[in-house]
Amino acid sequence: MQPATMGTQTPNISNYYCSKSADERSAEERAIDAWLPVTSNRNAKWWYSAFHNVTAMVGAGVLGLPYAMAQLGWGPGVAVLVISWIITFYTLWQMVEMHEMVPGKRFDRYHELGQHAFGKKLGLWIIVPQQLIVEVGVDIVYMVTGGQSLQKFYDLVCKKDCKDIKLTYFIMIFASVHFVISHLPDFNSIVGVSLAAAVMSLSYSTIAWGASVKKGVVPDVEYGYKAKSTAGTIFNFFSALGDVAFAYAGHNVVLEIQATIPSTPEKPSKGPMWKGVIVAYIIVAFCYFPVALIGYWMFGNQVKDNILKTLEKPTWLIAMANLFVVIHVIGSYQIYAMPVFDMIETVLVRKLKFKPSWMLRFVTRNIYVAFTMFVGITFPFFNGLLGFFGGFAFAPTTYFLPCIMWLAICKPKKFSLSWIINWICIILGVLLMVIAPIGGLRSIIMQAKGYKFYS
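Computed from a predicted model, the values in this text were never measured in an experiment.

**Regarding the packing of aromatic side chains**
Then comes step 1: According to the stated counting rule, one finds 18 aromatic pairs in the structure shown.
Then comes step 2: Here the aromatic rings of W93 and W406 are separated by 5.2 Å at their centres, their planes lie at 45°, and the arrangement is tilted. With W93 in helix α6 (residues 74-98) and W406 in helix α17 (residues 382-410), this pair connects stretches of sequence that are 313 residues apart.
Then comes step 3: Look at W406 and you get buried, because its relative accessible area is 5%.
Then comes step 4: Ring geometry for W358 against F362: centres 5.0 Å apart, planes inclined by 25°, an arrangement best described as stacked. Of this pair, W358 and F362 both sit in helix α16 (residues 358-378), separated by four residues, roughly a single helical turn.

If you want it as C-alpha cells, here you go:
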C-alpha cells in the first residue's frame, strides 16, 4: 500500500535497504537473493552504469536510423529524433529517481516498481509481458543483426574463391558465443563484455558516418519518399517511428542495472547511477545524430535498412565496422538477457521451489539462447522487426509507463509543470504504440512474400 503522504514527498529522498527490512527476510530468501542475477552483487561503480546503458541503447537501432530518416523525411525525421532523445532522457531520470522513492526499499526490477504503482497483481500483468516482449524481442533482433554482420564481414573479406554461406549458419555461429557467456552469473560479471561492447558501438557509429562523408553525396540523390503510393508512404512512416523507438530501449534494464550499485542513506544509488546515465546519453547523442543525419544526407532514400549494408568501400574499414557490430551485439544481447534470466530463475526457485543450482541455470539459459536463435533464423526481417517491436513494446516501457507510474506515486498537482510534461509524454507514447506496429507488421508481410524459410 502507498503511504497517504506520498503525494507530498519529493523524489530526492535518500532511501535504501535498511537493516530492519533486511532482517525481516528469512535465511532462505536472503540466499535466493544472493543467487539471483539482479540482486547477487551490489558492488558496481558509476562507470558500470555508463557501460551498461551505452551497450543497452546504442545497438542495432542506430544502424537503422538513416533508413528511418528516409521514411520520415528531413523535417519530421529530425523532430522525431530530437523529441525522442529528450523524452527518453526525462523518463530515464524518472526511473532512476523512483528506484529508491519509498523509504527502506529498493525497486530492483521494473515489475516491482510497477507493482508499487498499480498494485501487486495488476502491476505484474502490466509490466512483465511488455518487458519480456522488449527483452526477448531485442535478443531475437540481435541474433539476426549478429548473423547479418558476420555474413557481411565474410563477404567483404572473402570475395574470391569463397563458398556462399547461408545467413542461417552465421546466426548459429553468433549464437554459439552466447551458449558460453550466458552462464556468467550477474550484471557485474559481464562488465568487461559490456565495456568492449560500448567501445565498439562508438567505433562502428563513427565509421558509419565517417565512411559516409568520405563517400560523399551519391549522384542523383533523392530525399523524397521512396514508396510509390500514398498508403505505402504512410505505412513506411509508421514503421520508421517504431525504428526510432527501438533505438531508445535502455529503460527496460535501468532498474536492474541500478540494483547492482551500493546504496546508503548518505550516498543513495541514484547519484552514481545518474552520473553514468548522463555520460551514456551524451555518447548516445554522439552516435545517433551523426549516423542518422549524415547517412540520410549522403544516400537519400536509397539508403538500406542497415547503413553498413549501403557502404562498400573502403572494404577493410566496412569489414571492421561489421566485426565491431558483432562484438557490440554480443554485449547488448547479454544486457537484455540478464533480466530475463532473473525472471525465469525467480519463478523456478521461488514459485516452483527448484533448488538454486548451476545445472538449473545451465539448462534454462541454454534453452533461452536456443529459442532466440531459432526465432531469429526463422524470421530474419531486420527492418520490420525493428518497427514492430519498437512500437508495440518499446513505446510503453520507454515513453509513457514511467510517466504513468510517476503520476501514480508522486501525485503532482493537476496542471503543474510536472503533470503537464508527463501527460504530453503519455499522449505521444500511446500514439506511437498504436501506429508504429502497423507499419512494422506490413513491412514484415511485404518482406515475407518472397522469403524462403531457412534459406
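Moving on from the model shown.
**Some thoughts on the packing of helix α8 (residues 120-157) against helix α15 (residues 315-351)**
The relative placement of two packed helices is expressed as an angle between their axes plus a distance between the axes.
Then comes step 1: Interhelical geometry of α8 versus α15 gives an angle of 155° and a closest axis separation of 8 Å. Between α8 and α15, the interaxial angle falls into the category roughly antiparallel. The chirality of how α8 crosses α15 is left-handed.
Then comes step 2: Classifying every residue of the contact of α8 with α15 by side-chain character gives 22 nonpolar, seven polar and three charged.

**Focus: the layout of surface pockets**
Then comes step 1: Here the largest pocket defines a volume of roughly 1,100 Å³.
Then comes step 2: Breaking the lining of the largest pocket down by element, the ones donating at least two residues are α2 (27-35), α7 (110-118), α8 and α15.
Then comes step 3: Tallying contributions element by element places α15 first for the lining of the largest pocket, with eight residues.
Then comes step 4: Tallied by class, residues from the lining of the largest pocket come to twelve nonpolar, five polar and eleven charged.

**Focus: the state of the cysteines**
Then comes step 1: Enumeration over the complete set of coordinates arrives at zero disulfides.
Then comes step 2: Here C403 is not cross-linked by a disulfide; its sulfur's nearest cysteine counterpart is in C425, at 4.2 Å.
Then comes step 3: A residue is classified by how much of its surface remains accessible, and C403, at 0% relative accessible area, is buried.

**Brief notes about the pattern of salt bridges**
Then comes step 1: Counting across every chain of the model gives eight salt bridges.
Then comes step 2: With its nearest N and O atoms 2.9 Å apart, the salt bridge here joins R42 to D108. Of this pair, R42 sits in the loop between α2 and α3 (46-57) while D108 sits in the loop between α6 and α7, and the two are 66 residues apart along the sequence.
Then comes step 3: The buried category is assigned to D108, whose relative accessible area is 1%.
Then comes step 4: Across the salt bridge formed by E100 and R106, the nearest N and O atoms sit 3.8 Å from each other.
Then comes step 5: A cluster of three or more residues bridged by salt bridges with shared partners is formed by R109, E112 and D342.

**Some thoughts on helix α13 (residues 270-299)**
Then comes step 1: End to end, α13 covers 42 Å across 30 residues, agreeing with the expected 44 Å (1.5 Å per residue, within 8%).
Then comes step 2: Positioned one or two residues after α13, G300 has a phi angle of 60°, which is positive.

**A closer look at the confidence of the model for the protein chain**
Then comes step 1: For the protein chain, per-residue confidence averages 83 on the pLDDT scale, and residues scoring 70 or more make up 89% of the total.
Then comes step 2: With pLDDT under 50 throughout, residues 1-23 is counted as low confidence; its partners more than four residues away or in other chains account for 45 contacts.

**Observations regarding the nonpolar core**
Then comes step 1: If you look at the biggest cluster of nonpolar residues, it comprises 122 residues, and the most contacted ones within it are Y288 and I307.
Then comes step 2: Considering each element in turn, this core owes the most residues, 16 residues, to α15.
Then comes step 3: In this view, I307 contacts L63, P66, A208, S212, V291, G295 and F299; residues no more than four positions away in its chain are not counted.
Then comes step 4: Ranked by size, the runner-up nonpolar core spans six residues in total, among them W35, L36, L348 and V349.

**A word on a nonpolar patch on the surface**
Then comes step 1: Together, I83, F415, I420, W423, I424, I427, L428 and L431 line one region of the surface with nonpolar side chains, adding up to about 770 Å² of accessible area.
Then comes step 2: Top contributing element to the nonpolar patch by residue count: helix α18 (residues 417-448), with six residues.

The rules behind each value
Residues numbered from 1 in each chain as written. Predicted model: local features only at pLDDT ≥ 70, side-chain atom pairs only at ≥ 80, totals over all residues. Heavy atoms only, no water. Phe/Tyr/Trp six-rings, centres within 6.5 Å; stacked < 30°, edge-to-face > 60°. Helix = DSSP H or I, 4+ residues; strand = E, 2+ residues; numbered from the N terminus. Buried < 20%, exposed > 50% of the residue type's maximum accessible area, 1.4 Å probe, protein only. Axes fitted to C-alpha atoms, helices over the stretch in contact; angles between N-to-C directions. Parallel < 35°, antiparallel > 145°, perpendicular 65-115°, else oblique. Left-handed = near helix turned anticlockwise from the far one by under 90°. Nonpolar A, V, L, I, M, F, W, Y, C, P; charged D, E, K, R; others polar. 1 Å grid on protein atoms, 1.4 Å probe; cavity = no way out; pocket = protein on both sides within 12 Å on 5 of 7 lines; lining within 4 Å. Points joined across faces, edges and corners; volume = space filled by probe spheres on them. Disulfide = S-S within 2.5 Å. Salt bridge = Lys/Arg side-chain N within 4 Å of Asp/Glu carboxyl O. Expected span 1.5 Å × (residues − 1). pLDDT = per-residue confidence, 0-100. Contact = heavy atoms within 4.5 Å. Core = buried A, V, L, I, M, F, W, Y, C linked by side-chain atoms within 4.5 Å. Patch = residues over 30% accessible without salt bridge, like charges linked within 9 Å, V, L, I, M, F, W, Y side chains within 5 Å. Areas by Shrake-Rupley, 256 points an atom, 1.4 Å probe, with all protein chains shown as cover.

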